[in-house]
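# Chain and residue survey
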Amino acid sequence: MESLADTLWDVVICGTGLQQSLLALALSRSDKKVLHIDPNDFYGGAEAAFSLQEVESWVEKVETGKEGLFRAASVEKLEGDTGLSFPRAYSLALAPQLIHARSALLSQLVSSRAYRQVEFLAVGSFSIFKPSPDPSQHSALVRIPSTREDVFSTTAISAKAKRGLMKFLKFVLDYESNPQTDTWHPHADAPLTEFLLKEFKMDKELQTYIITLTLSLDGKINTRDGLAVIRRHLSSMGMYGPGFAALYPKWGGLSEIAQVSCRAGAVGGAVYMLGTGVKTMNDQENPVVIELTSGDTIKTRKVVRASENATDNTGINRLVAIVGSPLKSLFDSTVEGAPTPAVAIVAFPAGSLSTAAGEASQSPVYLSVHSSDTGECPANQSVLYFTTVSEPGSQELLRRALDSFLAAVAGDTVPQCLYKLEYQQRQCSARSQASGSIFGFAPPTSSLAFDDSTLQSVHDAWKMVLDDESVEEDYLTFADREGAMDDDEIYD
Amino acid sequence: MADSGAPKPSSSVKLVLLGEAAVGKSSLVLRFVNNDFQENKEPTIGAAFLTQKCNLPTRTIKFEIWDTAGQERFASLAPMYYRNAQAALVVYDLTKPTSLIKAKHWVAELQRQASPGIVIALVGNKLDLTNDAAGGDGEGAGGDGEGDARKVTTEEAKSYAEEEGLLFFETSAKTGYNVTEVFTAIANAIPETSLKTARGPGASSAAARTEEQRVNLNGPRDPNAKEGCAC
């Protein structure tokens, strides 16, 4: 077998985050010699999913500053025998993003045939946390009506509000045509909430419903972006089945897509090395000379990696909690024939939570609840992912959100929190770009729904690697490999 | 050969291949699936997975066989590779003792990582390089005779397999000796309860309950929706 040093590689891809992995998938039928390495001993980079054991070593690494994007990570376990299962029974996702049915990621996974190895689950209801004005009463979760059928049948809002909501939903579906554009263009850069108030006379509560559907982290999304996101949501509804607009890959979200893409790369002949990074790189030479941390020195025409850290300080706080209850009421399917959802979204609007010092929350807190169907925890437990913009007091507010949520869903007993992981993730303004033989991917965004702009830089990197050999129509469009087709499918 | 006209129940089983590079993992599968053997085969690329049916008297098992795609070379197999597998074929080269050590590592890894109840078969390949009558009729006692390349005795591997509760075979992908037997033995050892047609508690870790939740991205042509249809 050839040694690493004897090969002139066409490209060395460093890191197995989603973008690098999708690039490996895109190159998997290209005859290019691909060496795909990752300094981590796991796949997925900032989109990885971890067993509890792996969480521990990751937290240690974050604490030593070796995970540039992340900081302030800590784990808290309930003492004693709490019903927490063995560490490998869990798979906690660093990037539990939901994927809208209209996302180009899904169509690319289908056209590249990689989707056959991923199990997709439905994302169910979106709800709002409504604090009770009377502290002796339970707070409530109110489901957001997000289709016309929902709006008709809901009892949560008045008839007048229903008319306003209906009018808005109709408007959004065709918001890019005339005369709708005349209505929103003057407000394009103003906050969506303002537009909803001025043009649709929506009260605060209805505004909150709409903002929640945008999943805007700070709640201040502008009208242009907001309308685009709402339209994506509405037009995704029903695309792959009744009653849901978004999907989630089983076993840890985007991590699974990264692994499947890397496997496709390997099947296409790429060489994979985990636990191996770049020690030194000389890109003044052509080909580029790289010394790997494994001690090998290799030569390659191109290099694709994560951009040099250009982090700024804004970002998000996360709290991941494992609770000892299946939280069944959150996973009802409301529409006949709909698959049982495995994920439910809950928003805690700005102002609905407060710190012990009485400071009200300035930004929304979002919660993604995952049932054991996601494969992220054993049966009869659930995983809760809380996210909010990093601000002073964010960590405390996330803990408040956790307590408030558990109290709001409590039946006879309040579900117990068995395990907590907390961390901060920085957001970066760096852009993906090529310079000479090197392509750098911007760090992933911290948005809650998959952002298709991520895919553009994968496409750019692919063009850079293939150079004049790239054929646009062939991008991520492959036939099934021999044997992958079910023979029943052929004969039926 | 249908005996009564009623179709036998049919189930899919994910089977993963594991073992050191160059022990003949892909060759075993190619022998089983295509009844073919290629001398001096290139290291594996190109196979995502292969499928092959195994007909048992009371049911049909359809193996979905996952090849490592060479990712074992630098210890870079992803968890998704062996997670949820209901069967594993751990292969060593019986002319190469280090490959048995590697095989034992894989067995330990599967016992930690994979679904409880996974059926593991330990297979010593390249029996044709020994003096045993490969293609003949016996598991000859491992010898050290002239021209015999065997370095791992049958007894050593077999007693290890017994201790760990593994199925055990010595095979030759080249002659085809014992290859079908391995897969038939695995098919027979798969417990009825871990098959996809099974429902209910206990089966959840073995991909049995997923059908109701799974969203199909490929329109109504869902291969999983047709389980149990008449053919």
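Starting afresh in each chain, residues are numbered from 1 along the sequence in its written order. Following the order in which they are written, the chains are lettered starting with A and the ligands numbered starting with 1. In keeping with the model being predicted, local features are shown solely for residues with a pLDDT of at least 70 and side-chain atom pairs are shown and tallied solely at 80 or more, while totals for entire chains, interfaces and linings include all residues. Side-chain metrics rest on all non-hydrogen atoms present in the structure, leaving aside hydrogens and water.

- Taking an unreviewed UniProt entry as the reference, chain B is identified by name as Ras family-domain-containing protein belonging to Apiosordaria backusii.

- Going by an unreviewed UniProt entry, chain A carries the name Rab proteins geranylgeranyltransferase and comes from Apiosordaria backusii.
- UniProt positions are given in the numbering used here, feature names are shortened, and annotations may be inferred rather than shown by experiment. According to the UniProt record, the Sequence similarities (unreviewed entry) comment for chain A is "Belongs to the Rab GDI family."

## What to know about the pairing of strand β9 (residues 246–249) of chain A
Residue and element names in this part refer to chain A.
- Only protein chains enter the accessibility calculation, which uses a 1.4 Å probe; a residue is then buried when its area is under 20% of its type maximum, exposed when over 50%, and partly exposed in between. What counts as a helix is a DSSP run of H or I of at least four residues, what counts as a strand is a run of E of at least two, and both are numbered from the N terminus. Here β9 shows two buried faces, one formed by Ala 246 and Tyr 248 and the other by Leu 247 and Pro 249.
- Strand pairing is defined by DSSP finding a minimum of two bridges between the two strands. Summarising the sheet, strand β6 (residues 99–100) and β9 pair through 2 bridges and their orientation is antiparallel. Bridging from a neighbouring strand, His 100 pairs with Ala 246 of β9.
- With 4 bridges connecting them, strand β7 (residues 120–130) and β9 associate as antiparallel partners. Bridge assignment links Leu 121 to a residue of β9, and that residue is Tyr 248.

## Considering empty space enclosed by the protein
- A cavity here means a set of points on a 1 Å grid, drawn over the protein atoms and nothing else, where a 1.4 Å probe fits but cannot get out; a pocket is an open set with protein on both sides within 12 Å along at least five of seven lines, and a residue lines either one if it has an atom within 4 Å of a point. Grid points are joined across faces, edges and corners, and a volume is the space filled by probe spheres set on the points. Throughout the structure, instances matching the rule amount to 2 cavities of 30 Å³ or more.
- Of the voids in this model, the largest cavity is the one considered here, and its volume is about 210 Å³.
- Residue lining of the largest cavity: 18 residues in total, with Arg29(A), Arg113(A), Gln117(A), Ala264(A) and Ala48(B) positioned closest to the centre.
- Here the lining of the largest cavity takes 4 residues from helix α10 (residues 254–267) of chain A, the largest share from any one element.
- All amino acids are sorted into three groups, where Ala, Val, Leu, Ile, Met, Phe, Trp, Tyr, Cys and Pro are nonpolar, Asp, Glu, Lys and Arg are charged, and the leftover types, Gly among them, are polar. Looking at the lining of the largest cavity residue by residue, the classes come out as 9 nonpolar, 3 polar and 6 charged.
- Put simply, the second largest cavity is a space of about 80 Å³.
- Of all the secondary structure elements, the ones that give two or more residues to the lining of the second largest cavity are β16 (365–370) and β17 (382–389) of chain A.
- Here the element with the most residues in the lining of the second largest cavity is β16(A); it accounts for 3 residues.
- Taken together, the residues that form the lining of the second largest cavity break down as 8 nonpolar, 2 polar and no charged.

## A closer look at the side chain of Ser394(A)
- Here Ser394(A) is to be found in helix α11 (residues 394–409).
- Sequence-distant contacts of Ser394(A), that is, excluding residues within four places in its chain, are made with Asn317(A), Thr388(A) and Val389(A). When checking whether two residues touch, look at their non-hydrogen atoms; a contact exists if any pair is within 4.5 Å.

## Here's the deal with the packing of aromatic side chains
- Side-chain rings of Phe, Tyr and Trp (the six-membered ring for Trp) are treated as a pair once their centres are within 6.5 Å; stacked means planes under 30 degrees apart, edge-to-face means over 60, and tilted covers the remaining angles. Enumeration according to the criterion identifies 22 aromatic pairs over all chains in this entry.
- Ring centres 6.2 Å apart and planes at 70° place the aromatic pair Phe32(B) and Phe63(B) in the edge-to-face group. In this pair, Phe32(B) is assigned in helix α1 (residues 25–34) and Phe63(B) in strand β3 (residues 60–66), connecting sequence segments 31 residues apart. Phe63(B) carries the same exposure label as Phe32(B), and that label is buried.
- Taken together, the ring pairs connect Phe42(A), Phe50(A), Trp58(A), Phe70(A) and Tyr423(A) into an aromatic cluster.
- By definition here, charges over rings are those cases where NZ of Lys or CZ of Arg is within 6 Å of the ring centre and within 35 degrees of the ring normal. Here the basic side chain of Lys14(B) rests over the ring of Trp66(B), its NZ or CZ set 3.8 Å away from the ring centre.
- Sitting above the plane of the Tyr160(B) ring, Lys104(B) keeps its charged end 4.8 Å from the centroid.

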